[in-house]
4 protein chains.
Amino acid sequence: MAELKTTVPLKIRFSEVDSMHIVWHGHYATFFEDAREAFGRQYGLGYMDIYGQGFYAPLVEMSVKYRKPVLYDMNPDVTICFRPTDAAKIVFDYEITDHAGGEVLATGHTVQVFMDMEYRLVWANPEFYLNWKMKWNV
Amino acid sequence: MAELKTTVPLKIRFSEVDSMHIVWHGHYATFFEDAREAFGRQYGLGYMDIYGQGFYAPLVEMSVKYRKPVLYDMNPDVTICFRPTDAAKIVFDYEITDHAGGEVLATGHTVQVFMDMEYRLVWANPEFYLNWKMKWNV
Amino acid sequence: MAELKTTVPLKIRFSEVDSMHIVWHGHYATFFEDAREAFGRQYGLGYMDIYGQGFYAPLVEMSVKYRKPVLYDMNPDVTICFRPTDAAKIVFDYEITDHAGGEVLATGHTVQVFMDMEYRLVWANPEFYLNWKMKWNV
Amino acid sequence: MAELKTTVPLKIRFSEVDSMHIVWHGHYATFFEDAREAFGRQYGLGYMDIYGQGFYAPLVEMSVKYRKPVLYDMNPDVTICFRPTDAAKIVFDYEITDHAGGEVLATGHTVQVFMDMEYRLVWANPEFYLNWKMKWNV
């Protein structure tokens, strides 16, 4: 089974730093989103790809562990890795590292499910997703 | 001609304060939005009211003058005031004041136009808006 | 042992709703923050209280389970509940419910640690926090 | 007199698109900020450069004109241009264009003043800023 992953650099905005001079914890959701979108573009599993197949893929779970603060002048990377599963879900693991030293700053995961255009939960794997998994051997 | 206005209290979140210990200037767009939504509920001109008539009302203009910083422990108010105009536009003026002393902290304005459901600009006043203006004498 | 909790109403902003017409998952961090600040004011454990004792209390962990989408016209409540622990940590559980039907829309938790003003992790319970726990019997 | 400007590409996040399927107007403040930070790095006038000289440079004015909506799949650019002035202010003009067609999507401006570390307004041009203007001939 292949390991699908991609790494993207993060740009820390001045406005993302709070009055403790560290990046506000709530912004990590956008960092994960940046990673998810980069993954989607690279492997053909973006919001628009999924939408084009007649599905939404909302998050049903997210967790973050903050190990070291992210500072304004850091240039961290976020690595996203697809976690294979048989369920009709898209599961990703994330790792934010300090580009300079390679230190792990945070980890996390997200789980997405499929909904049809009437916002009904889809319990079985959509065919396009089965094909996608076969194509990438995951 | 009547003066339509409403005042709402603002709750400053810790995450809205930047590393200068003041509210980040970009958040004022949400303060104005809070005011606009309160106005919409009070006078029947909310996003959903407009949408229910078959229109969007996107912003085409926004300005803010920041006179004094807004601090975390302040309880400011924002006052929104409808500015009458003959054009097919919704124009609002805003004033953010320190609840304690009444000092003006910021002022601003927004301009909205009407678009139909195909995102085409609507040049003439929609009938529902003319009726709304007549009803409120503005 | 007492159960310390508080419930606050949430105001959904138009800008918090994404193109799936549901509240974007990343905003839940601010909903939890709203709850934490309300708890802090009610029980004397706010950011400023902690800062006044010479400590920061950054988050080191956050999780959210999204059960049902939050829609623009909902008036959800968030309930925050202090989870007792012997460690030098502040742990909260959260539950977002639909005000109308009482349905659970989301759950989550956060963990905060103590850092001194030089951003060094504090391993032992600060005295003020021990006193706070004794006062509230948690 | 020289014209100091720089252009940066914008990445539109899914979460920045609202339920009208266009980028929420409030996000333009971060687009301008991205441009300002790129300008600051290129010409040595970033937040940290200014802070290192003993000053803050908060915004006192911002305006945006939204001409065409920014869509999720666009790759717009933002161009920032320094507007020379004798006052102790930093004034920038902005233009957001569609990378594909070159069409102007939005324009705007910001004004920043100088404050010392005690948050007192500085009326005269700080010496470092006069030197900076001389160096770049603006």
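Student: I tried to follow a nonpolar patch on the surface on my own but got confused; where do I start?
Tutor: All names here are of chain D. Together, Met48, Tyr51 and Met117 make up an exposed nonpolar region whose accessible area comes to about 280 Å². Here Tyr51 is to be found in helix α2 (residues 47-52). Note on Tyr51: relative accessible area 42%, which makes it partly exposed.

Student: What exactly am I supposed to notice about the interface of chain D and chain C here?
Tutor: Many descriptions give the size of an interface as the accessible area lost when the pieces come together. Taken residue by residue, the interface counts eight residues in chain D and eight residues in chain C. The contact between chain D and chain C buries some 800 Å² in all, and 67% of this surface belongs to carbon and sulfur atoms. By the criterion of area lost to chain C, the three top residues of chain D are Phe14, Ser15 and Ser19 of chain D, representing 57% of everything that side buries. Across the chain D-chain C interface, the total number found is zero residue pairs in polar contact (both at pLDDT 80 or more). Across the side of chain D that touches chain C, the residue classes break down as four nonpolar, three polar and one charged.

Student: How should I be thinking about the relation of the copies chain D and chain C in this particular structure?
Tutor: Note that the two copies of the chain are related through a rotation about an axis and a translation along the same axis. Rotating chain D by 180° about the axis while translating it 0.0 Å along that axis superimposes it on chain C, leaving an RMSD of 0.0 Å. What the rotation and shift describe, once combined, is the action of a two-fold rotation axis. Most of the interface of chain D is mirrored in chain C, where 100% of its interface residues again form contacts.

Student: Whenever I open this one, the pairing of strand β1 (residues 5-9) of chain D confuses me. Can you help?
Tutor: On any regular strand, side chains alternate: one points to one face of the sheet, the next to the other face. Residue and element names in this part refer to chain D. The two faces of β1 differ: Thr6 and Val8 on one face are buried, but Lys5, Thr7 and Pro9 on the other face are not. Both β1 and strand β4 (residues 77-82) contribute to a ladder of five bridges, which runs antiparallel. Bridging across to β4, Pro9 finds its partner in Asp77.

Student: What is the right way to look at the packing of aromatic side chains in this model?
Tutor: Each pair of aromatic rings is reported with the distance of its centres and the angle of its planes. Scanning all chains against the criterion turns up 84 aromatic pairs over all chains. The interplanar angle of 80° and the centroid separation of 4.7 Å between the aromatic rings of Tyr28 of chain B and Tyr66 of chain B together place this pair among those described as edge-to-face. Here Tyr28 of chain B is found in helix α1 (residues 28-43), whereas its partner Tyr66 of chain B is found in strand β3 (residues 59-66), with 38 residues between them in sequence. Between Phe128 of chain C and Tyr129 of chain C the ring centres are 6.4 Å apart and the planes differ by 50°, which places this aromatic pair in the tilted class. A relative accessible area of 15% places Phe128 of chain C in the buried class. For Tyr129 of chain C, a relative accessible area of 0% gives the class buried. Among the aromatic residues, those joined into a cluster by ring pairs are Phe32, Phe39, Tyr43, Phe55, Phe82, Phe92, Tyr94, Phe114, Phe128, Tyr129, Trp132 and Trp136 of chain A.

Student: Just checking my understanding: could you explain the side chain of Thr79 of chain B for this structure?
Tutor: Residues and elements named next belong to chain B. Here Thr79 lies in strand β4 (residues 76-82). In this structure the side chain of Thr79 is engaged in a polar contact, spanning 2.8 Å, whose partner is the side chain of Thr7. The contacts of Thr79, once residues within four sequence positions are left out, are Thr6, Thr7, Asp93, Tyr94 and Glu95.

Student: In this structure, what is going on with the relation of the copies chain C and chain A? I would like to understand it.
Tutor: You can overlay chain C on chain A at an RMSD of 0.0 Å; the transform is a turn of 180° with a shift of 0.0 Å along its axis. Comparing interface residues between copies, 100% of those in chain C also lie at the interface in chain A; the contact surface is shared.

Student: I'm lost on the environment of Ala29 of chain B in this one. Help?
Tutor: Following the sequence through the fold, Ala29 of chain B ends up in helix α1. Considered as a pair, Ala29 of chain B and Ile12 of chain B are 17 residues apart in the sequence and their alpha carbons are 13 Å apart. Dropping the residues within four chain positions of it, Ala29 of chain B is found in contact with Met62 of chain B together with Trp24, His25 and Gly26 of chain D.

Student: How do you make sense of the pattern of salt bridges when you look at a structure like this?
Tutor: Two side chains with opposite charge may pair up if their charged atoms get near one another. Under the criterion given, the structure shown has 32 salt bridges over all chains. Here Glu118 of chain B ties to Arg120 of chain B by a salt bridge, and the two come within 3.2 Å at their closest N and O atoms. Look at Glu118 of chain B and you get exposed, because its relative accessible area is 52%. A single salt-bridge network, built from bridges that share partners, covers Asp116, Glu118 and Arg120 of chain A.

Student: Sorry, what's going on with the pairing of strand β5 (residues 89-97) of chain D here?
Tutor: Residues and elements named next belong to chain D. Strand direction decides the pairing type here: β4 and β5, joined by six bridges, are antiparallel. Bridge pairing in β5 links Cys81 to Asp93. What sits between the antiparallel neighbours β4 and β5 is a turn of six residues. In terms of strand pairing, β5 meets strand β6 (residues 104-116) through nine bridges, oriented antiparallel. Bridged to Ile96 within β6 is Ala106. In this structure, the hairpin formed by β5 and β6 is closed by a connection of six residues, where Gly102 is found at a positive phi of approximately 80°.

Student: Sorry, what's going on with the confidence of the model for chain A here?
Tutor: It should be kept in mind that the predicted coordinates are not to be read in detail where pLDDT is low. Put simply, chain A has an average pLDDT of 93, and 100% of its residues get 70 or more. Reported confidence for the predicted complex is 0.93 by ipTM and 0.88 by pTM.

Student: Mind showing me how you'd approach empty space enclosed by the protein here?
Tutor: With a probe scaled to a water molecule rolled over the atoms, the places where space remains empty come into view. Tallied over the full model, the rule gives five cavities of 30 Å³ or more. In this structure, the largest cavity spans a volume of roughly 670 Å³. Residue lining of the largest cavity: 28 residues in total, with His27 of chain A, His27 of chain B, His27 of chain C together with Trp24 and His27 of chain D positioned closest to the centre. Of the residues contributing to the lining of the largest cavity, the split by class is four nonpolar, 16 polar and eight charged.

Cut-offs applied
Residues numbered from 1 in each chain as written. Chains lettered and ligands numbered in written order. Predicted model: local features only at pLDDT ≥ 70, side-chain atom pairs only at ≥ 80, totals over all residues. Heavy atoms only, no water. Patch = residues over 30% accessible without salt bridge, like charges linked within 9 Å, V, L, I, M, F, W, Y side chains within 5 Å. Areas by Shrake-Rupley, 256 points an atom, 1.4 Å probe, with all protein chains shown as cover. Salt bridge = Lys/Arg side-chain N within 4 Å of Asp/Glu carboxyl O. Helix = DSSP H or I, 4+ residues; strand = E, 2+ residues; numbered from the N terminus. Buried < 20%, exposed > 50% of the residue type's maximum accessible area, 1.4 Å probe, protein only. Contact = heavy atoms within 4.5 Å. Buried area = accessible area lost by both parts, 1.4 Å probe. Polar contact = N/O pair within 3.5 Å; in protein donor to acceptor, adjacent residues only side chain to side chain. Nonpolar A, V, L, I, M, F, W, Y, C, P; charged D, E, K, R; others polar. Least-squares fit on C-alpha atoms with pLDDT ≥ 70 in both. Pairing = 2+ DSSP bridges. Phe/Tyr/Trp six-rings, centres within 6.5 Å; stacked < 30°, edge-to-face > 60°. pLDDT = per-residue confidence, 0-100. 1 Å grid on protein atoms, 1.4 Å probe; cavity = no way out; pocket = protein on both sides within 12 Å on 5 of 7 lines; lining within 4 Å. Points joined across faces, edges and corners; volume = space filled by probe spheres on them.

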